[in-house]
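Architecture at a glance
Residues per chain are reported as follows:
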Amino acid sequence: DINVIKQNLHNGKGILTWLVGIDSGRIVAVSPGSTKACKSGTVDSLTGEWGAAWHFNDKLFYASSGGTGVMEVTVGDCSQGGTLTATQVFVGPSAGLAANDGLSCMVSNAPDFGRRRQQLQRQLEQRTTTTTNSTSSNTTT
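Attention here is on the structure that accompanies the text. These numbers come from a predicted model, not from an experiment.

**Concerning the state of the cysteines**
Throughout the structure, instances matching the rule amount to one disulfide. C38 shares a disulfide with C78; S-S distance 2.5 Å. Since a negative S-S torsion denotes a left-handed disulfide, the C38-C78 link at about 50° is right-handed. One end of the pair, C38, is in strand β4 (residues 36–39); the other, C78, is in the loop between β7 (70–75) and β8 (86–92), and 40 residues separate them in sequence. Per residue, the accessibility class of C38 equals that of C78, and both read buried.

Here you go:
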């Protein structure tokens, strides 16, 4: 799924319409009116399918179809040879769903996830560490 934003991502080129989504672990932004396209480096926490996208004002959110969680994505600049600067923050859990979609609130503020976001980020990190440890501890004698 994608979010549609109007932003100056291409330094000095003015505000353009951008389609922003997640594809193969990368954040991708395409400006259809200007034929500009940018993508971030691969982000491990963004692998898998991301089937729902929505935004509140200028805050972009994506939910994992596989139950990884909800990420808030902030896009920066894409003027350096097509490389998009972007950050993502885990903001909450999500259920694994085969069919999902998002609904945007273009003139409403995003919920304040506050302390709950920090707790959920730690839980995700612990789950990732546990998964990594369990898969790397399989040895054959």
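**Description of the environment of S24**
Its location among the elements puts S24 in the loop between β2 (16–23) and β3 (26–31). Overall, S24 belongs to the exposed group, its relative accessible area being 59%. Sequence-wise, S24 and L46 are 22 residues apart; in three dimensions their C-alpha atoms are separated by 7.6 Å.

**Description of the side chain of S31**
Here S31 shows up in strand β3. Taking the relative accessible area as the measure of exposure, S31 reaches 2% and is therefore buried. Within the local environment of S31, its side chain forms a polar contact with the backbone oxygen of T17, the two atoms lying 2.9 Å apart. Not counting residues up to four positions away in its chain, the partners in contact with S31 are L16, T17, W18 and K36.

**Quick word on the nonpolar core**
Among the nonpolar cores identified, the biggest contains 22 residues, and W18, V20, I27, L46, Y62, V75 and L84 are the most heavily contacted of them. Of all the secondary-structure elements, those providing two or more residues to this core are β2, β3, β5 (50–56), β6 (59–64), β7 and α1 (114–136). Each residue touching L46, except ones within four places of it in the same chain, is listed here: I22, G25, I27, M71 and Q88. One finds A52, A63, V70 and A110 within the second-largest nonpolar core, a separate group that totals eight residues.

**Considerations on the sheet that holds β2**
Strand pairing in a sheet is mediated by backbone hydrogen bonds. Such pairs are either parallel or antiparallel. Across the sheet, four strands lie side by side as β1-β2-β3-β4; this open sheet has antiparallel pairing. With one partner strand each, in any of the chains shown, β1 (2–7) and β4 form the two edges of the open sheet. For this sheet, the mean inter-axis angle between neighbouring strands, taken without regard to orientation, is 25°.

**Some words on the sheet that holds β8**
Reading across from one edge, β5-β6-β7-β8 is the order of the four strands in this open sheet, with antiparallel pairing throughout. Both outer strands of the open sheet, β5 and β8, are each paired with one neighbouring strand and no more. Across the sheet, the mean angle from the axis of one strand to that of its neighbour is 30°, orientation sign disregarded.

**Regarding the pairing of β3**
The alternating pattern of β3 places I27, A29 and S31 on a buried face and R26, V28 and V30 on a face that is not buried. Note that β2 and β3 share five bridges and pair antiparallel. Following the sheet pairing, I22 is matched in β3 by I27. Hairpin connection, β2 to β3: the antiparallel pair is bridged by two residues, and S24 has positive phi, about 50°. Note that β3 and β4 share four bridges and pair antiparallel. Bridging from a neighbouring strand, V30 pairs with A37 of β4. Between β3 and β4, which pair antiparallel and follow one another directly, the connecting turn spans four residues, one of which, T35, has a positive phi of 60°.

Calculation notes
All chains use their own residue numbering, which begins from 1 and follows the written sequence. Given that this is a predicted model, residues contribute local features only at a pLDDT of at least 70 and side-chain atom pairs are listed and counted only at 80 or more, while totals for whole chains, interfaces and linings are drawn from all residues. No hydrogens and no water enter the side-chain calculation; it runs on all heavy atoms of the structure. Criterion for a disulfide: a pair of cysteine sulfur atoms at a distance within 2.5 Å. Runs of E in the DSSP output that reach at least two residues are strands. Runs of H or I that reach at least four are helices, and both are numbered from the N terminus. When a residue's accessible area, from a 1.4 Å probe over protein chains only, is under 20% of the maximum for its type it is buried; when over 50% it is exposed; and in between it is partly exposed. Nitrogen and oxygen atoms within 3.5 Å of one another constitute a polar contact, given that in protein one can donate a hydrogen and the other can accept it, and given that sequence-neighbouring residues count only through two side-chain atoms. Residues are treated as being in contact if the distance between any of their heavy atoms lies within 4.5 Å. As used in this record, nonpolar core signifies buried Ala, Val, Leu, Ile, Met, Phe, Trp, Tyr and Cys residues forming a set joined through side-chain atoms within 4.5 Å. Being paired, for any two strands, means DSSP has found at least two bridges between them. Note on geometry: axes are lines fitted to C-alpha atoms, helical ones only across the stretch in contact, with angles between N-to-C directions running from 0 to 180 degrees.

Honestly, that's just the spatial picture; any functional story needs more than this.
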